[in-house]
Amino acid sequence: MRIAIASGKGGTGKTTLATNLAVVAAELGRQVAYVDCDVEEPNGHLFLHPTIARHAPVQVVTPQVLEDVCDGCGQCARVCLFSALVWLGQKPLVFPELCHGCAACVLACPKHAIVERPREVGVVETGSSGAVGFAQGRLTIGEAKSPPVVRAVRSAAPRVDWQIIDAPPGTSCPVVAAVRHCDLVILVTEPTPFGLHDLRLAVATMRRLGVPIAVVINRADVGDDRVDRYCAEEAIPVLLRIPDDRRVAEAYSRGELMVTAVPGMRAALRGLWERIEEQVANGTVAGGSQHANV
Amino acid sequence: MKELVIISGKGGTGKTSIAASFAVLAGNAVTADCDVDAADLHLVLAPQVQQRGGFRSGHEARIRTEDCGGCGVCARLCRFGAVGQQQGPDGAVTYAIDPLACEGCGLCARYCPQQAIDLKERDCGEWFVSETRCGPLVHASLDAAAENSGKLVSLVRDKARTVAKEGGRELIIVDGAPGIGCPVIASLTGATAVLIVTEPTVSGAHDLERVAAVARHFAVPAWVCVNKWDLNPGMTEQIEATVRRQGMQVAGRVRYDRDVTAAQVAARTIVEFTVNGAGGDVRALWLEMGRCLTV
Ligand code: SF4
Ligand code: SF4
Ligand code: SF4
Ligand code: SF4
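Residues numbered from 1 in each chain as written. Chains lettered and ligands numbered in written order. Predicted model: local features only at pLDDT ≥ 70, side-chain atom pairs only at ≥ 80, totals over all residues. Heavy atoms only, no water.

Enquirer: Sorry, what's going on with the sheet that holds strand β9 (residues 193-198) of chain B here?
Expert: Think of a sheet as strands paired side by side through backbone hydrogen bonds, with each pair either parallel or antiparallel. Residue and element names in this part refer to chain B. Taken in spatial order, the nine strands make up an open sheet running β3-β6-β7-β2-β8-β1-β9-β10-β11, and their pairing is mixed. For this open sheet the edge positions go to β3 (48-63) and β11 (249-254), each flanked by a neighbour on one side alone. Here the average twist between neighbouring strands, direction ignored, is 20°. Running at roughly 165° to β9, helix α7 (residues 202-217) makes contact with β1 (2-7), β9 and β10 (222-227) of the sheet. Each of β9, β10 and β11 touches helix α8 (residues 233-245); the most contacted strand, β11, lies at about 160° to it. (Pairing = 2+ DSSP bridges. Helix = DSSP H or I, 4+ residues; strand = E, 2+ residues; numbered from the N terminus. Axes fitted to C-alpha atoms, helices over the stretch in contact; angles between N-to-C directions. Contact = heavy atoms within 4.5 Å.)

Following this line, the structure appears as structure tokens:
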């Protein structure tokens, strides 16, 4: 089963929830792995202190023009819809950061003057933290496209019964790569106007992807009840409300797990884990049919 | 014209609250919400939309099933696994493209022997130019699961520059995107200065280093502010020491204050809500940034 922890924006406590949940699930005897797909800012390792057993580069292929074969016809630049290959009158020039690796230029070149070469855009690390399996990806600084790294983490992650995927924040391409085909996506939000607005966007995205969703409300007592009312109207189950507690924020600031730092959180998260298992047992029926045509 | 971009390694560090407060304190600036993935400034600044437009970026391919001969060339060529096979009620095999997986490269359309594939521009969202109580706001909304937010960010910044030029305004305040990927690169390039908002947490310190590296990569002078600094004073000092060591400037500190949330619920900025606590801290931060921008 793949459970993604996501949120419309960052800083809602997504990583806190994902890491602590993985630890609690392992304590309950589940075979579990924490999978950090927030490859622009992977932070889970700061709380889980994993032992890394394997590093692997993430590579994408980028075209390279063989200068001595190219006759400068410019055909390649005409077919590149991403402006990643431009023709400057004589020879074409490739901009690797813009390239999607579609191979249109390779196929279009009448001289077979374009070859594809691997280029490193990030790294994937796998290992374990006690009984919790671990995987994370890291996008190289200056690179613009994280989805290939997200996909690489997901495919390198330990194959265990339960994968807990820490998704990147937001609603765009990397999030889609992280949550696709998950069995449940838990959206973490706060009961504030920003929280509600970002939750709405996240819900719209998840519905478009056809993944089953549930909500956890963090700092549940700080704002107003609009998030609760919204979830009730939309029939989205709220699985847990975590009260605002300065000790949680302080534990986080020191890189400590919430379940160790704040008594009471362990029981709350065990309760959450049970509700997740229930949701997944019910949700696969509804979710399965929604996936079928995607 | 000057452009101050406010960013953070991760979201939720108070970046938007600070940007909104700056917009109010500046009074005469153009504000641009470039955090298009989680655009929240409009919730505080209550914009009256004056001008709007659609945003298109990239392409998407679609197979006209009735013209498809079922040869499978498209599925073989697509590098993104976007073409799926379906069996119709009559048993015939047809192909269909998953719009969420299609990157719009056009390869399938070019090589389809039946010319059964249409490639059209993709609608991705909308942009707005609005009036608010503290001057014009340029903002945008990205459609659910839409891509290319980096391009929308560039568009918002371009519009903000045009609005500033037309109105003779000297300053643009940009609420930048979080992270280090394409939206943040698009928010940063060519800015006058960047204010990085961080928190005194191990992850905040870790993210700060990555964001600072991006700022350096694009040669934008950087200031740093630690928000909720009193959650971990030791860590705050450590972060500020790192900031100085890396050749950046410390812009100030903002304390942990529940009034920040209360202000948000009341749809006000923290500086309008109170002159004490975090409200006072953000004012001090603005004075410091104002000094930096005029030097
Ligand atoms: S592989 Fe595709 S995106 Fe990259 S340069 Fe060639 S045509 Fe452009
Ligand atoms: S299509 Fe081939 S020969 Fe023509 S300009 Fe491009 S690389 Fe050179
Ligand atoms: S290439 Fe064209 S004809 Fe062949 S399967 Fe694809 S859409 Fe149908
Ligand atoms: S346009 Fe490119 S990405 Fe989209 S389906 Fe066709 S080959 Fe695949």
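Enquirer: How should the pairing of strand β8 (residues 171-175) of chain B be read in this particular structure?
Expert: A regular strand places its side chains on the two faces of the sheet in alternate fashion. Residue and element names in this part refer to chain B. Counting buried residues in β8 gives five out of five residues, a clear majority hidden from the surface. Relative to β8, β1 runs parallel, the two sharing five bridges. In the strand pairing of β8, L4 is matched with I173. As defined by bridge partners, strand β2 (residues 30-33) adjoins β8 across four bridges and the pair is classed as parallel. Residue pairing in the sheet places V30 in a bridge with I172 of β8. (Buried < 20%, exposed > 50% of the residue type's maximum accessible area, 1.4 Å probe, protein only.)

Enquirer: How should I be thinking about the domain arrangement of chain B in this particular structure?
Expert: One widely used convention gives an interface's size as the accessible area the parts lose upon coming together. Split into domains, chain B comes out as domain 1 (2-46 + 133-294) and domain 2 (58-123). Using C-alpha coordinates to define each centre, domain 1 of chain B is positioned 42 Å away from domain 2 of chain B. (Domains from an automatic or database assignment.)

Enquirer: Looking at this model, I keep getting lost on unusual backbone geometry. Mind explaining?
Expert: For residues other than glycine, phi is negative in most cases, and the peptide bonds are mostly trans. Residue and element names in this part refer to chain A. Phi at H49 is positive, roughly 45°, even though this residue is not glycine. Here H49 lies in the loop between α2 (45-48) and β3 (51-65). Although it is not a glycine, H112 sits at a positive phi angle of roughly 55°. Inspection of the secondary structure puts H112 in the loop between α4 (104-108) and β6 (114-129).

Enquirer: I tried to follow the site of ligand 4 on my own but got confused; where do I start?
Expert: Within the structure, ligand 4 sits among A61, C78, F80, A82, V83, I97, C102, E103, G104, C105, G106 and C108 of chain B. Of the residues that constitute the shell around ligand 4, the class distribution is nine nonpolar, two polar and one charged. (Near = heavy atom within 4 Å. Nonpolar A, V, L, I, M, F, W, Y, C, P; charged D, E, K, R; others polar.)

Enquirer: Is there a simple way to think about the site of ligand 3 in this case?
Expert: In the neighbourhood of ligand 3, 13 residues make up the surrounding shell, with C68, C71, G72, C74 and C112 of chain B lying closest. Partitioned by chemical class, the residues of the shell around ligand 3 number nine nonpolar, four polar and no charged.

Enquirer: Explain the interface of chain A and chain B to me, please; I cannot follow it from the model alone.
Expert: Taken together, the contact pairs 62 residues of chain A with 62 residues of chain B. When the two sides are added together, the surface that chain A and chain B hide from each other amounts to roughly 5,100 Å², 56% of it contributed by carbon and sulfur. Broken down residue by residue, the surface that chain A buries against chain B is led by E41, I141 and F194 of chain A, which jointly contribute 14%. On inspection of chain A and its partner chain B, the count reaches three salt bridges. Here D244 of chain A and R258 of chain B are joined by a salt bridge, their closest N and O atoms 2.8 Å apart. One can count 13 residue pairs in polar contact (both at pLDDT 80 or more) joining chain A with chain B. Per-element tally for the side of chain A that touches chain B: the top contributor is helix α7 (residues 193-209) of chain A, with nine residues. Its residues placed into classes, the side of chain A that touches chain B shows 27 nonpolar, 17 polar and 18 charged. (Buried area = accessible area lost by both parts, 1.4 Å probe. Salt bridge = Lys/Arg side-chain N within 4 Å of Asp/Glu carboxyl O. Polar contact = N/O pair within 3.5 Å; in protein donor to acceptor, adjacent residues only side chain to side chain.)

Enquirer: Can you walk me through the packing of α7 of chain B against α8 of chain B in this structure?
Expert: The description of two packed helices rests on the angle between their axes and on the distance between the axes. All names here are of chain B. Put simply, α7 and α8 touch, their axes get as near as 10 Å, and they point 10° apart. By the angle between their directions, the pair α7 and α8 is classed as roughly parallel. Listed contacts from α8 to V202, A205, L208 and E209 of α7 are M235, I239, T242 and V243. Residues belonging to the contact of α7 with α8 are distributed by class as follows: six nonpolar, one polar and one charged. (Parallel < 35°, antiparallel > 145°, perpendicular 65-115°, else oblique.)

Enquirer: Quick question: what am I supposed to make of the domain arrangement of chain A here?
Expert: Assigned domains of chain A: these are domain 1 (2-31 + 161-282) and domain 2 (59-120). Summarising the inter-unit geometry, the C-alpha centres of domain 1 of chain A and domain 2 of chain A are found 43 Å apart.

Enquirer: Can you help me understand the pattern of salt bridges in this one?
Expert: Pairs can form between side chains of opposite charge once their charged atoms are near each other. Inspection of the entire model under this criterion finds 38 salt bridges over all chains. For D98 of chain B, the salt bridge goes to R180 of chain A, with nearest N and O atoms at 2.7 Å. On the criterion of chain membership, the pair formed by D98 of chain B in the loop between β5 (93-97) and α4 (107-111) and R180 of chain A in the loop between α6 (173-179) and β9 (184-189) is interchain, its members lying in two chains. In this structure D98 of chain B comes out as buried when scored by relative accessible area, which is 14%. Exposure remark for R180 of chain A: the relative accessible area of 16% places this residue in the buried category. Residues R254 of chain A and E256 of chain A are paired through a salt bridge, measuring 3.0 Å at the closest nitrogen-oxygen approach.

Enquirer: How should the side chain of D40 of chain B be read in this particular structure?
Expert: Its place among the elements puts D40 of chain B in the loop between β2 and α2 (41-45). What D40 of chain B contacts, discounting residues up to four positions off in sequence, is K9, F194, H197 and D198 of chain A together with T16 and D33 of chain B.

Enquirer: Honestly, the confidence of the model for chain B in this entry has me stumped. Any pointers?
Expert: Regions with low pLDDT carry predicted coordinates that are not meant to be interpreted in detail. On average, residues of chain B score 88 in pLDDT, and 95% of them are at 70 or above. For this predicted complex, the interface score ipTM comes out at 0.77, alongside a pTM of 0.81. (pLDDT = per-residue confidence, 0-100.)

Enquirer: Mind showing me how you'd approach the side chain of S130 of chain B here?
Expert: Residue and element names in this part refer to chain B. Tracing the sequence through the fold places S130 in strand β6 (residues 117-132). A polar contact of 2.8 Å, which involves the side chain of S130, links it to the side chain of H139. The contact partners of S130, leaving out residues within four places of it in the chain, are P47, Q48, V49, Q50, G135, P136, L137 and H139.

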